[in-house]
Amino acid sequence: MTDLLRWGTIFPEKRTFGAGTRSGLKWIGVHRLQVALGVAAAIGVGSATWCGMAYMHYQQVAAGELAAAMRAERVNADLQGALARLQDQLAIARQNLNTAQSRLSSLNEDAQQSSSSKADRIAQLTRALEQAQRDMHLVEAQRATLMARVSKAETDLADGQTRQQQAQEWQKKVQQLTAERDKAASERDQLRARITELEKSSALRHQQAPKPVAAAQPQPVAAPPAQSASTEVAVAPAAPEPAAAAASAPTVAAAPAPAADTRVAVAVTPAPGAAQPEAPRAVPAVAAAAPRSGALAHVERVLASTGVDVARLFAQLGVNRGMGGPFVPARGEHPDSLTPEKLAALRTLAQILPISAPLESYEISSPFGVRGDPVNGRGSFHTGEDFRAPYMSPVYATAPGVVTYAGYRDDYGKIVEIDHGNGISTRYGHLHRYVVSVGQRVAGRTQIGFLGSTGRATGPHVHYEVLVNGEPHDPEKFLGLARVVSAAQR
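Residues numbered from 1 in each chain as written. Predicted model: local features only at pLDDT ≥ 70, side-chain atom pairs only at ≥ 80, totals over all residues. Heavy atoms only, no water.

1. Here's the deal with the side chain of Ser-366
- Take Ser-366: it is sitting in strand 1 (residues 363–366).
- On the basis of relative accessibility, which here comes to 9%, the residue Ser-366 falls in the buried class.
- Within the local environment of Ser-366, its side chain forms a polar contact with the side chain of His-382, the two groups lying 3.4 Å apart.
- Sequence-distant contacts of Ser-366, that is, excluding residues within four places in its chain, are made with Arg-371, His-382, Gly-384, Glu-385 and Asp-386. (Helix = DSSP H or I, 4+ residues; strand = E, 2+ residues; numbered from the N terminus. Buried < 20%, exposed > 50% of the residue type's maximum accessible area, 1.4 Å probe, protein only. Polar contact = N/O pair within 3.5 Å; in protein donor to acceptor, adjacent residues only side chain to side chain. Contact = heavy atoms within 4.5 Å.)

So this is what it looks like as structure tokens:
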């Protein structure tokens, strides 16, 4: 406030820049030495201050750089140690890598060798498995055949026992006939003695005609001895008197063999335990050797070509009975005519042999024999016939028999096997479904399943096989017999 009162205003006095400069220059000009010394002193002080400060800054920078250099050396030493350790680890890692690579190469070699050996082993095992499957299939077929043969043998044994009982009954009848024969022989001797006495008496009374009496009397009496004599041929004789045998010989030769003798011979022939050797046992061989012709002969030739025991089969059907003798064709009868006996045998064969087709309507897509395989195109042997028909068509048994297998089998797919006896069996493969079971007895034309394409098949069909004693044969041989039998029956 004092200044304000003194100045009279709040604003200082305005002075120009040049006026101050001029007054300063005047002062410097008056005091030049003092100014020069002051300036020099100021410059020296400033230089010294700057040098000190620069030195101090240099000292600090040098100390920092030294500390940094020492730290860098320590870090470098640490880095060198770490680098050395890393190099050692790298060397160990390289060594381990080399070991691992060598181990890996050896493992690869071992793996290649083991894979090749395993592949060879697998191939060997596969071949062994296929062979085992084929052997198992063969053993299964042989087992089924043996079971069928065992059942047939049991049936034959039962038939043999029945025939043995019948033979024993016939032996009793033969013994009764022998007793009756002996009784008739004694009566014959008495009648001959009586005739001799009558001849002597008539010779004394009628010396002119002795022979008509003898011719009229013996012949009606000699008929019963003829039957006894023929029976005596089939059974062991009782040793008649020589004179009586000589007297009865012409009568036996003149008398024809009656039907009763044949029945006795047939009954005695099948006896398995008969003690005496009998001539009628050779008769079936003669009858079997007799030539056949026509439809029955054709059937016999076809069955013989497949390996069927024709003689045994015909013997079971009663075609070859215990008969024989020379063959003399009857007048007015053709030798090749079909007799009722042969026609009955053909009808029986048609009922027991697989001569029908397994389907109602079909088409043969692949016959029996050599063919190109439908899957791989290579040459192969087809063991049956392929019957093509619509999917799920009913499949029928071609003849009566016993089911020996019903299931899944390798390339056949779902298959049914039936044994028909006499070593004959049939197979039905690639079924969609079967409706029979093992051990079931089926009649001819019985449905056993439905047509399908299971197993190794390229489409729906039935693979049909006919086996005789385990060997496959052309089914057309049996299917052709159906035409022969139907033509013969017409």
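This is not the end of the story, as more comes after the structure.
2. A closer look at unusual backbone geometry
- Of note, the phi angle at Asp-410 is positive, near 45 degrees, even though the residue is not glycine.
- Although it is not a glycine, Asn-469 sits at a positive phi angle of roughly 55 degrees.
- Mapped onto the fold, Asn-469 is located in the loop between strand 11 (461–468) and strand 12 (471–473).
- The class of Asn-469 is partly exposed, set by a relative accessible area of 38%.

3. Section: the nonpolar core
- Membership of the largest hydrophobic core comes to 41 residues, with the highest contact counts inside it found for Leu-303, Val-395, Val-416, Ile-418, Tyr-428 and Ile-448.
- Counting residues per element, this core draws most heavily on helix 12 (residues 475–489), at six residues.
- Dropping the residues within four chain positions of it, Ile-448 is found in contact with Val-395, Tyr-396, Ala-397, Val-416, Ile-418, Tyr-428, Tyr-434, Val-435 and Val-436. (Core = buried A, V, L, I, M, F, W, Y, C linked by side-chain atoms within 4.5 Å.)

4. Overview of the layout of surface pockets
- Its boundaries defined by the atoms lining it, the largest pocket holds a volume of some 1200 Å³.
- Residue lining of the largest pocket: 38 residues in total, with Phe-381, Thr-383, Asp-411, Tyr-412 and Arg-456 positioned closest to the centre.
- Those elements that place two or more of their residues in the lining of the largest pocket are helix 3 (32–205), strand 1, strand 3 (379–382), strand 4 (385–388), strand 8 (424–434) and strand 11.
- It is helix 3 that provides the largest number of residues to the lining of the largest pocket, a total of six residues.
- Split by residue class, the lining of the largest pocket holds 10 nonpolar, 15 polar and 13 charged. (1 Å grid on protein atoms, 1.4 Å probe; cavity = no way out; pocket = protein on both sides within 12 Å on 5 of 7 lines; lining within 4 Å. Points joined across faces, edges and corners; volume = space filled by probe spheres on them. Nonpolar A, V, L, I, M, F, W, Y, C, P; charged D, E, K, R; others polar.)

5. Here we look at the packing of aromatic side chains
- Enumeration over the complete set of coordinates arrives at four aromatic pairs.
- When the ring of Phe-368 is compared with that of Phe-381, the centres are 5.3 Å apart and the planes differ by 85 degrees; the resulting orientation is edge-to-face. Of this pair, Phe-368 sits in the loop between strand 1 and strand 2 (369–372) while Phe-381 sits in strand 3, and the two are 13 residues apart along the sequence.
- Of the residues examined, Phe-381 reaches a relative accessible area of 49% and is grouped as partly exposed.
- Taken together, a centroid distance of 5.8 Å and an interplanar angle of 80 degrees make the contact between Phe-387 and Tyr-464 edge-to-face. Note that Phe-387 is positioned in strand 4 and Tyr-464 in strand 11, a separation of 77 residues in sequence. Across the pair, exposure class does not vary: Phe-387 and Tyr-464 are buried alike.
- Following the ring pairs from residue to residue traces out a cluster consisting of Tyr-362, Phe-387, Tyr-428 and Tyr-464.
- The lysine or arginine in question, Lys-173, covers the ring of Trp-170, its NZ or CZ lying 4.4 Å from the ring centre.
- Positioned above the aromatic ring of Tyr-405 is the side chain of Arg-409, whose terminal nitrogen or guanidinium carbon lies 3.8 Å from the ring centre. (Phe/Tyr/Trp six-rings, centres within 6.5 Å; stacked < 30°, edge-to-face > 60°. Lys NZ or Arg CZ within 6 Å of the ring centre and 35° of its normal.)

6. Remarks on the pairing of strand 7 (residues 413–421)
- With seven of nine residues buried, strand 7 is to be regarded as a mostly interior element.
- The pairing of strand 6 (residues 401–409) with strand 7 spans seven bridges and is antiparallel. Bridged to Arg-409 within strand 7 is Gly-413.
- Connecting strand 6 to the antiparallel partner strand 7 that follows it, the hairpin turn spans three residues, and Asp-410 within it adopts a positive phi of roughly 45 degrees.
- As judged from the six bridges shared by strand 7 and strand 8, these two strands associate in the antiparallel manner. Directly across from Ile-418, in strand 8, lies its bridge partner Thr-426.
- Counted along the chain from strand 7 to the antiparallel partner strand 8, the turn is two residues long, and its residue Asn-422 has a positive phi close to 60 degrees. (Pairing = 2+ DSSP bridges.)

7. Some remarks on the pattern of salt bridges
- Tallying each qualifying case throughout the model produces 11 salt bridges.
- Here Arg-181 and Asp-182 are joined by a salt bridge, their closest N and O atoms 3.0 Å apart.
- Residue Glu-465 is joined to Arg-427 by a salt bridge in which the shortest nitrogen-to-oxygen separation is 3.2 Å. One end of the pair, Glu-465, is in strand 11; the other, Arg-427, is in strand 8, with 38 residues separating them in the sequence. For the pair Glu-465 and Arg-427, one class covers both residues: buried. (Salt bridge = Lys/Arg side-chain N within 4 Å of Asp/Glu carboxyl O.)

8. Structural notes on the environment of Arg-347
- Within the element layout of this structure, Arg-347 appears in helix 11 (residues 340–352).
- Considering only alpha carbons, one finds Arg-347 and Ala-488, 141 residues apart in sequence, at a separation of 9.6 Å.

9. Notes on empty space enclosed by the protein
- What the rule picks out here adds up to one cavity of 30 Å³ or more.
- Approximately 130 Å³ is the volume attributed to the largest cavity.
- In terms of lining, the largest cavity is formed by 14 residues, of which the most central are Ala-141, Ala-144, Thr-145, Glu-417 and Ser-425.
- Elements with a contribution of two residues or more to the lining of the largest cavity: helix 3, strand 7 and strand 8.
- If you tally residues by element for the lining of the largest cavity, the top one is strand 8, at four residues.

10. Structural notes on the pairing of strand 11
- Strand 11 sits mainly inside the fold: eight of its eight residues count as buried.
- Judged from the four bridges that link them, strand 4 and strand 11 form a sheet pairing that is antiparallel. The partner of Phe-387 across the bridge, within strand 11, is Val-462.
- Pairing of strand 8 with strand 11, which is carried by six bridges, proceeds in the antiparallel orientation.

11. Some details on the side chain of Glu-417
- You can see Glu-417 is positioned in strand 7.
- The class of Glu-417 is buried, set by a relative accessible area of 5%.
- Looking at Glu-417, its side chain comes within polar contact range of the side chain of Arg-409, at 2.4 Å.
- In this structure Glu-417 touches His-137, Val-402, Val-403, Thr-404, Tyr-405, Arg-409, Thr-426 and Arg-427, once residues within four positions along its chain are discounted.

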